[in-house]
Amino acid sequence: MNNEKYLVVVSGPSGSGKDTVVKRLMELHPEIEISVSATTRPMRPGEREGVDYYYLARDEFERRIAAGEILEYAQYCENYYGTPRAEVDRRIAAHKTVILVIEVVGAANIKRNYPGATTVFVRPPSYEELEQRLRGRGTECEEAIQKRLRRALEEMEYAVDYDEVVVNAQVDECAEEIYALIQKHQRQ
Ligand code: 5GP
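Every value quoted in this text rests on a predicted model; they were computed, and no experiment measured them.

Asks: A description of the pairing of strand 6 (residues 79-84) should follow, citing residues and the corresponding values.
Replies: Counting buried positions over the 6 residues of strand 6 gives 6, a clear majority of the element. Here strand 3 (residues 37-39) pairs with strand 6 via 2 bridges, running antiparallel. Across the sheet, the residue bridging to A38 is G82, located in strand 6. The antiparallel hairpin formed by strand 5 (residues 70-76) and strand 6 contains 2 residues in its connecting segment, where C77 sits at a positive phi of about 45 degrees.

In structure tokens, the structure reads:
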């Protein structure tokens, strides 16, 4: 892929606040765009088709993988999540910065295939804060929360593989920090 520097990956454990930070980043810098992923997980209350995700049945997701329509994908807590190729290609071709908010396996695949991409890992200020955020969201049952907490601890170990690590103590500051890092990498 040409222009890989326009590809930005943001990861962080569930509860790190990465989605809020990226949302803020796009409010502050509207020229940056986000890639809408496809998933087989059920829609949460308040989410919208084509805005938060494209919600697909498992067999349709697998058909798209086989057809080469998915740029990267991973299984997370028993569901598929993946980046539709179309979300990325046209933006990169138009020299628009596009952010993929994805988990660690997908992020590693992107970095392997597109070494020019910038990868940023968002850490919560502490484990306690992460647990509080996950519970405060009130969208998951206890079993799902426990699973996400275990996964969060595993994911934290991947931070060393990223180009940059930021701590999300304050949303605006963290968003601006990521923006500055993107700029720095695109100048290199
Ligand atoms: P959630 O169910 O909380 O929306 O997402 C669960 C995890 O899947 C999060 O870490 C999220 O960043 C990740 N995720 C969302 N979309 C994608 C994607 O397209 N590819 C990969 N690999 N992970 C994704």
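Asks: Before we move on, can you summarise the pattern of salt bridges with the specific residues and values?
Replies: One pass over the structure, following the stated rule, counts 19 salt bridges. Measuring nitrogen to oxygen at the nearest pair gives 3.6 Å for the salt bridge that ties R148 to E140. Like E140, R148 is buried. The network of salt bridges with common partners includes R41, R44, E47, E140 and R148.

Asks: Quick rundown of the site of the ligand? Include the residues and the values.
Replies: Taken together, 16 residues surround the ligand, and among them S37, R41, Y53, Y81 and E103 come closest. Within the backbone of T83, an N or O atom sits 3.3 Å from an oxygen atom of the ligand. Between the ligand and the protein, one listed contact pairs an oxygen atom with a side-chain N or O atom of R148 at 2.9 Å. Listed by contribution, the elements that provide at least two residues to the shell around the ligand are strand 5 and strand 6. In terms of residue class, the shell around the ligand is made up of 6 nonpolar, 4 polar and 6 charged.

Asks: So what's going on with the environment of E176? Residues and values would help.
Replies: Structurally, E176 is set in helix 7 (residues 171-187). A C-alpha to C-alpha distance of 9.2 Å links E176 and H29, two positions 147 residues apart in sequence. Only 2.8 Å separates the side chain of E176 from the side chain of H29, close enough to count as a polar contact.

Basis of the calculations
Residues numbered from 1 in each chain as written. Predicted model: local features only at pLDDT ≥ 70, side-chain atom pairs only at ≥ 80, totals over all residues. Heavy atoms only, no water. Buried < 20%, exposed > 50% of the residue type's maximum accessible area, 1.4 Å probe, protein only. Helix = DSSP H or I, 4+ residues; strand = E, 2+ residues; numbered from the N terminus. Pairing = 2+ DSSP bridges. Salt bridge = Lys/Arg side-chain N within 4 Å of Asp/Glu carboxyl O. Near = heavy atom within 4 Å. Polar contact = N/O pair within 3.5 Å; in protein donor to acceptor, adjacent residues only side chain to side chain. Nonpolar A, V, L, I, M, F, W, Y, C, P; charged D, E, K, R; others polar.

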